Amino acid sequence: MRGPLGAVIGRYPSSDGTTEIGGIIRHNRKCRDIVFLVIFIAFWVAMIVNSSFGFNQGNPLRLTYGLDYKGNLCGDKHAHPGLRKLELKYWLNPNQVYQSGVKDSQFKLSNARSICLWDCPIPSEDSLNWVCDYPEGDIRLSMRDWINRNYDYYEFLTPEMRNTSLQLQGPCYPVIFPSVNVYWSCQFIARASNISLRHWQQMGGVNINEDMVIDKSIHRSINSRSSVLKRYMADIGKSWPVLIVCGGMLPLFLSVIWLLMIRHFVSAMPWITVALFNILIITVTMFYYLKAGWIGNDAISPIIGEHDPYINVFGRELHHLRAVAILMTFIMVVSILTSIAIVRRILMATSVLKVAAKVIGEVQALIIFPIIPYAILAIFYMFWISAALHLFSSGQVVKNNCNTNCCAYDLVAKKVNCDDCCGYSIHYTPHIAVAIFFHLFGGYWATQFFIACSSTVVAGSVASYYWARGETSPEIPFLPVFASMKRLIRYNLGSVALGSLVVSLVESIRFILESIRRKLKVAGVTSDGWFGKIGNHTSQGCLRCVEWTIKSVNRNAYIMIAITGKSFFKASEIATELIMNNILRIGKVNVIGDVILFLGKLCVSLSSAIFGFLMLDTYKYRAAHNKISSPLLPVLICWALGYVVATLFFAVVEMSIDTIILSFCQDSEEHQGTAQYAPPLLIETLGDQNEMQRLTQ
C-alpha cells in the first residue's frame, strides 16, 4: 500500500483548507518540468534557424538534375545561357567519358565537358549528326534556334573550328554512340553506329575509343550511392500529392471509421482487425514483388521516355526493392503466425475494448479531438519535409580542383583553351550533415511531443470520467476534453516535452549504434563466428527492449501526469509501482488489448501503402517529367505517416483502456481492494475484481 499517495485520491485539500469530493483532477496544480519546456522552445527556434539555412542555400532541383561544364543547373531558366526545359545532362566528348572509366585513370567524369539538352541525341542512319556547344560569340543563333536545329550548327563553323571539332576539341562533337535518358542523364550505349563512325573517319576525325567502358563509366556515376540518395529525396518532392492523399487524408478517414466501428461494433472489431491485417500485409508484400519484377513484368525502369527495347539498364533502386520484398516476406510470415496465435485471446481483447467503447460513448468529444493534433502535425510535416528537401540540396556549386590537361574551343575567346578543364560539382560541407541530422532528430522529437500531448489530453478526459463516477455524477466537466487541454497547456507541457525527449534520445542512440554496426560489418571488423553473431543479435534485442520499455513507461507516465499533475519522473514512478503491484491482474488484459490496437494501426498504415502504390502506378509518375526513380521511399513515407495519424486517433482507445485500468488499480489499492469510484458502466464490463481475475486466468 502506498500511504503517502492516498491523499490524492477522492479527497484532495483545496486552497481554503477544506476537502473536495472528486477533486483529484481539479486540485491545485502547478507547472512542472519548466526547464525542459524552455529547452523544447529553444530547440524549435534552432529548428527554424536551421531550416532557414536550407531554404537560403538549397535548391531541390539539384536532387534531380545535373550541372553542365559552366556550373549551371540543367533546367534553370535563370542560368547563362537560359536552360529552361533543357533538363538532360549530355557529355560531348566520348573519349573523355572513356578515359574516366579506365582503371587507375586520373580523369574524372565530373570534369568531362557536359551540356544540357532537351533530349538525348542518337546517331543518324545515313550521315553524321553533330551536337555543338551553346551558341556564343560569332555563332549568332538563339537558344531556341539551336534546339530546333538539333543542337547542330556545324555548317556555320570556320575552317579552324571545323578542324578543332575533328580533333574532339569542339565547338561541335560527333554523335557516334546512341544514348538514352537514364535518370535525367544521357547514358551512352557502347554500340557505335557503323555509318556515323565511317563518316567520321572519312572526314579525318581522331580515333574514338569504342569499348564497354564508355557505358559503365556513366552508369557507375548515375548509380553511385550519393546519386541514388538524391533521387530518393527527389522522389519525395515529385510525389507530394501522393503523400497528402495517402499519408494524410486517407488515414484520417480510415481512423475515424475505425473509431466509429469500435464504438458501435466492439464485439466484431478484434476479428475484423486481425483478418483485415492479414489480407493487407499479404497485398503489400505482393506489390513489392510486382515492383521488384518477380511477379509479372512491372519492374521499375531507370530509362525515361522511349528507347530501344533491346537496351536494358538496371539501377540500384531495383536491388533495394528486392531486398525490401524479401524483408516483407519474413515480416508477413511472422505476422500471420502471430495473429493465429492470439486468436484464442480475442474474447479477452473484446472485453477490454468494451471499456474504451463505453467511455467514448460517454465522452463523445474524444472521437473528434484527434483532429486538432492531426491538423497541427499536418502543417508541421509540410514545413518539415520542404525544409528537409532544401537541406539535402544545400551544398555549394564549386569548381573542381583537378590537374587534367584537356582542350576545348572557346567561342567567346575565339581560340582553343587548354587551361580551363575542370568541371563543377556540388560541395557538401560537414556542417550540412550535422544540420540534416539535427533536422531529422527535431522531426522525430516534435512527432513524439504532439503524440504525447494528444495522449495526455485523452488520459485527462477519461480520468475525469472515472473519478467523477461516470455518467451517474454531475461533476463531469461539460467539455472534459477541453478542460484536459487547458490543464495540459497550463501545467504539463514541460513534462510532456521531457517524456518525448527521452524517447527521441533513445531512438537516436539506437539508430547511431545500428549505423556503426553496419559500417563495421561492411568493413569486415566484426567477427563472423557464432560468438560474434550472438553478441550482435543480443545487443540489438536489448536496445529494442529498452526502447519498448521506455515508450511503455512514458505512456503510463502521461496518464499519471494527467491524473495527479506530478512531474514526469514522479509520475513515472507512480505508474510503474502501480503496474508492478497489479501485474498479475492487468498484464494479460492490457497486452492483448495493445496487440489488437497495434494491428489496427498497421491496418491503416498498410492501406495507405497500398493506395500509395496504386497512385504511383499511374502514368504521371511512370513517364515524362514527374517519373520517380522508385516507389520505395514515397510508399514507406505514406506508411509512416499513416501510422502516425492512426496513432493519434487510436490513442483515444489505447489511452482510455490504460487510464481506466490504472485508475481502477489505484482506486482498488486505496480502498482495500474495492474500487469506490468505478462508474456502473465500468463495473458492469469488468465485474470489479472478480471479473478482472477471471479474464487473466
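Preceding block: the structure.
The following paragraphs examine the structure supplied in this document.

The rules behind these values
- Residues numbered from 1 in each chain as written.
- Predicted model: local features only at pLDDT ≥ 70, side-chain atom pairs only at ≥ 80, totals over all residues.
- Heavy atoms only, no water.
- Buried < 20%, exposed > 50% of the residue type's maximum accessible area, 1.4 Å probe, protein only.
- Helix = DSSP H or I, 4+ residues; strand = E, 2+ residues; numbered from the N terminus.
- Pairing = 2+ DSSP bridges.
- Salt bridge = Lys/Arg side-chain N within 4 Å of Asp/Glu carboxyl O.
- Patch = residues over 30% accessible without salt bridge, like charges linked within 9 Å, V, L, I, M, F, W, Y side chains within 5 Å.
- Areas by Shrake-Rupley, 256 points an atom, 1.4 Å probe, with all protein chains shown as cover.
- Phe/Tyr/Trp six-rings, centres within 6.5 Å; stacked < 30°, edge-to-face > 60°.

Neither face of strand S7 (residues 179-182) is left uncovered, since the one carrying Ser-179 and Asn-181 and the one carrying Val-180 and Val-182 both have all their residues buried. Connecting S7 to the antiparallel partner strand S8 (residues 185-188) that follows it, the hairpin turn spans two residues, and Tyr-183 within it adopts a positive phi of roughly 50°.

All right, on to the pattern of salt bridges then. One side chain can pair with another of opposite charge once the charged atoms of both are near each other. Using the criterion set out here, one finds eleven salt bridges in the structure. Here Lys-70 and Glu-136 are joined by a salt bridge, their closest N and O atoms 2.7 Å apart. Of this pair, Lys-70 sits in the loop between helix H1 (34-57) and strand S3 (88-91) while Glu-136 sits in the loop between strand S5 (130-132) and helix H3 (143-148), placing them 66 residues apart in sequence. Judged by its relative accessible area of 25%, Lys-70 is partly exposed. Here Glu-317 makes a salt bridge to Arg-231, at a shortest N to O gap of 2.8 Å. Taken as a pair, Glu-317 in helix H10 (residues 316-341) and Arg-231 in helix H7 (residues 225-238) lie far apart in primary sequence, 86 residues in all. Residues Glu-317 and Arg-231 agree in their burial class; the two are buried.

Taken together, the side chains of Phe-437, Ile-509, Phe-511, Ile-512, Leu-513 and Ile-516 make up a nonpolar region of the molecular surface, amounting to roughly 560 Å² of accessible area. Per element, the largest residue contribution to the nonpolar patch is five residues, and it comes from helix H15 (residues 480-523). Summarising the element assignment, Leu-513 is placed in helix H15. For Leu-513, a relative accessible area of 40% puts it in the partly exposed group.

On inspection of all chains with the given rule, the structure shows 28 aromatic pairs. Note on Phe-40 and Phe-449: the rings are 4.2 Å apart at their centroids and 25° apart in plane angle, and the pair reads as stacked. Note that Phe-40 is positioned in helix H1 and Phe-449 in helix H14 (residues 430-467), a separation of 409 residues in sequence. Accessibility assignment for this pair places Phe-40 and Phe-449 in one class, buried. Between Trp-44 and Phe-450 the ring centres are 6.5 Å apart and the planes differ by 70°, which places this aromatic pair in the edge-to-face class.

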